[in-house]
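Examining the three-dimensional arrangement
Listed below, chain by chain, are the residues.
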Amino acid sequence: MKAKTNHLLRKILSVLIVGLFVMQQCGLEVFADQFDGNDVNRGTVEQKTRDPKVNPSITIQHYLYFSAVSLGSLESATDSTDNREGIDEEHKRKVYTGVTYNERVKNDWEDSPWESDLRQKDEGITLPIYNTERRIGSQKDSNGVATVSGIPDNGADSKPGYGVVLNNEGKFSSHLRLKQLFLDETVNYLEKPQMPYMNRLYDSEKDNNANYMLREIWVSKPGASSSTVKNNPSTQDANLFFKMTVPLKYKTDGQKEVVGHIETTNEANQSVSEEVYRRDPSRVIFTNNPEYSLNGKKLDQENGEVKPTYFGDENSNSYTLVIPVSEDTTIRFAFDPTDGEVSRDADFFDYDISDGNPAVSGNTQTIQNWLLSKDAVWLMALPN
């Protein structure tokens, strides 16, 4: 009996030694891609000495697709029908043929966000914008006091510089742009290893945000591309990223669900409405394990490096996107706006509180009556 017990103990000890050896070699990679959304502890793992292979530094970004009006500097040509006598070529009437606008690649809070090296031209019926504000005070009376002019004239000093283009349907011509939603966040991967931790717009239902739908995930390519993106984090150079579409979430009848629309203008100068579909970000997995495999399939490669890979049937709710991460990887979430209304329960109190304390002053008139004698309204709303 004693011999059998010693033999059993030796086997248990051997298994423990082998297990410790494997964990030492693999670090925490075995946990990184087998994430359970309910296990919050895996997002708070700390290491005294960070191993960039196991716990790489990553940058997380949040961007929004939106329809931007094509407003820019006017493109013009001389009106060939302007045959007025005594008018030289420079001062003949102009025919505006379109605008040249800057691609907004800077954030609104940066210096001169409208400046950009990327310029695009939009042609069509052009409406010049007369900045009447600049003409206020442009004239003076006999006492040298500035007078309010503000009315456009045909003089060279008041010619418009900017305008907008109308498409064939009489709507403002627009184009699709990406706008940054939040400041970038650089963290160690094991602090935020999966979608619920990375995505600031990820709600409790995991795939049903009332205002935004995650359309794409841009992943910086490894090597030189990652370094370039890190040094220029707002770049939208598609050659530096793997641009991956989030798997669709199909309805019970197998059809796609439309949750919004984005309207832009195509090359034929016509309005086009792009449908926004419901997608399922819970079927996106991030891994630090380059040997990751699912059902016998491994990650795809490009130039000897693993890259984001789809697994499963594209037309089913089992379709999964696996994204490998490494040191200096940038992960950009690109959202679409959704349509619809959102209701919130609230109680509104119709009281005049302009003096700060209506209960003390005894002023209990309603806002409806207050509007007859006041030019401002304060509303107090308390959620249920």
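Below or above, wherever it landed, is the structure these notes cover. Counting starts from 1 at the beginning of each chain's written sequence and moves along it residue by residue. A pLDDT threshold of at least 70 governs which residues receive local features in this predicted model, and a stricter bar of 80 or more applies before side-chain atom pairs are shown or counted, although totals over entire chains, interfaces and linings include all residues. The side-chain figures draw on all heavy atoms in the structure; neither hydrogens nor water molecules are used.

A separate point is the pattern of salt bridges. Here, a salt bridge means any side-chain nitrogen of Lys or Arg that lies within 4 Å of a carboxyl oxygen of Asp or Glu. Scanning the model with the defined rule gives 13 salt bridges in all. For K171, the salt bridge goes to E263, with nearest N and O atoms at 3.6 Å. With K171 in the loop between strand 8 (162-166) and strand 9 (174-180) and E263 in strand 13 (residues 258-265), this pair connects stretches of sequence that are 92 residues apart. For K171, a relative accessible area of 37% translates into the label partly exposed. For the exposure calls, accessible area comes from a 1.4 Å probe over protein chains only, and a residue counts as buried if that area is under 20% of its type's maximum, exposed if over 50%, partly exposed in between. Given the relative accessible area of 37%, E263 is considered partly exposed. One salt bridge in this structure joins D336 and R215, with 2.8 Å as the shortest N-O distance. Taken together, the residues D336 in strand 22 (residues 329-337) and R215 in strand 11 (residues 212-220) connect sequence positions 121 residues apart. This pair shows no difference in class: D336 is buried, exactly as R215 is. The structure contains a network of salt bridges with shared partners spanning E185, K192 and R200. In DSSP terms, a helix is any run of H or I states spanning at least four residues, a strand is any run of E spanning at least two, and both are numbered starting from the N terminus.

What the five strands build is an open sheet, ordered 4-3-2-8-5; its pairing is antiparallel. Two strands lie at the open edges of the sheet, namely strand 4 (119-123) and strand 5 (125-129), each paired on one side alone. Here the average twist between neighbouring strands, direction ignored, is 45°. Strands are treated as partners if at least two bridges between them are detected by DSSP. Two strands pair when backbone bridges link them, and strand 3 (residues 94-102) and strand 4 are joined in this way by five bridges, in the antiparallel orientation. Its bridge partner being in strand 4, Y101 is matched across the sheet by Q120. All axes here are fitted lines through C-alpha atoms, helices being fitted over the stretch that makes contact, and every angle between N-to-C directions spans 0 to 180 degrees.

Across soluble globular proteins, you tend to see nonpolar side chains buried next to one another. Within the largest apolar cluster, 25 residues are counted, with the highest numbers of intra-cluster contacts made by I217, F286 and F333. Core analysis: the second largest hydrophobic core is formed by 12 residues, L178, W218, F241 and I262 among them. Buried residues of nine kinds, namely Ala, Val, Leu, Ile, Met, Phe, Trp, Tyr and Cys, make up a nonpolar core once their side-chain atoms join them within 4.5 Å.

If you walk across this open sheet you meet the three strands as 15-21-20, and the pairing is mixed. Where the open sheet ends on each side, the last strands, each with one partner, are strand 15 (284-287) and strand 20 (309-311). The average angle at which neighbouring strand axes cross in this sheet is 25°, direction not considered. With three bridges joining them, strand 20 and strand 21 (residues 320-324) adopt antiparallel strand pairing.

On to the side chain of D280, then. Locating D280 in the fold gives a position in the loop between strand 14 (271-277) and strand 15. Judged by relative accessible area, D280 falls into the buried class, the value being 7%. Two N or O atoms count as a polar contact when they lie within 3.5 Å, although within protein this holds only if one can serve as hydrogen donor and the other as acceptor, and sequence-adjacent residues are included solely when both atoms are side-chain atoms. At a separation of 2.5 Å, a polar atom in the side chain of D280 contacts the side chain of S282.

Let us look at the packing of aromatic side chains. A pair of aromatic rings is counted whenever rings of Phe, Tyr or Trp (Trp by its six-membered ring) have centres within 6.5 Å, and the orientation is called stacked for planes under 30 degrees apart, edge-to-face for over 60 and tilted otherwise. All chains considered together, the criterion is met by four aromatic pairs. Residues Y292 and F311 carry aromatic rings whose centres are separated by 6.0 Å and whose planes lie at 75° to one another, so their mutual orientation is edge-to-face. On the criterion of sequence distance, the pair formed by Y292 in the loop between strand 15 and strand 16 (293-294) and F311 in strand 20 is long-range, its members being 19 residues apart. Accessibility classification places Y292 together with F311 in one group, the buried group.

In this section: the pairing of strand 3. In the sheet, strand 2 (residues 71-78) pairs with strand 3 via six bridges, with the strands oriented antiparallel. Paired with E75 across the bridge in strand 3 is G98.

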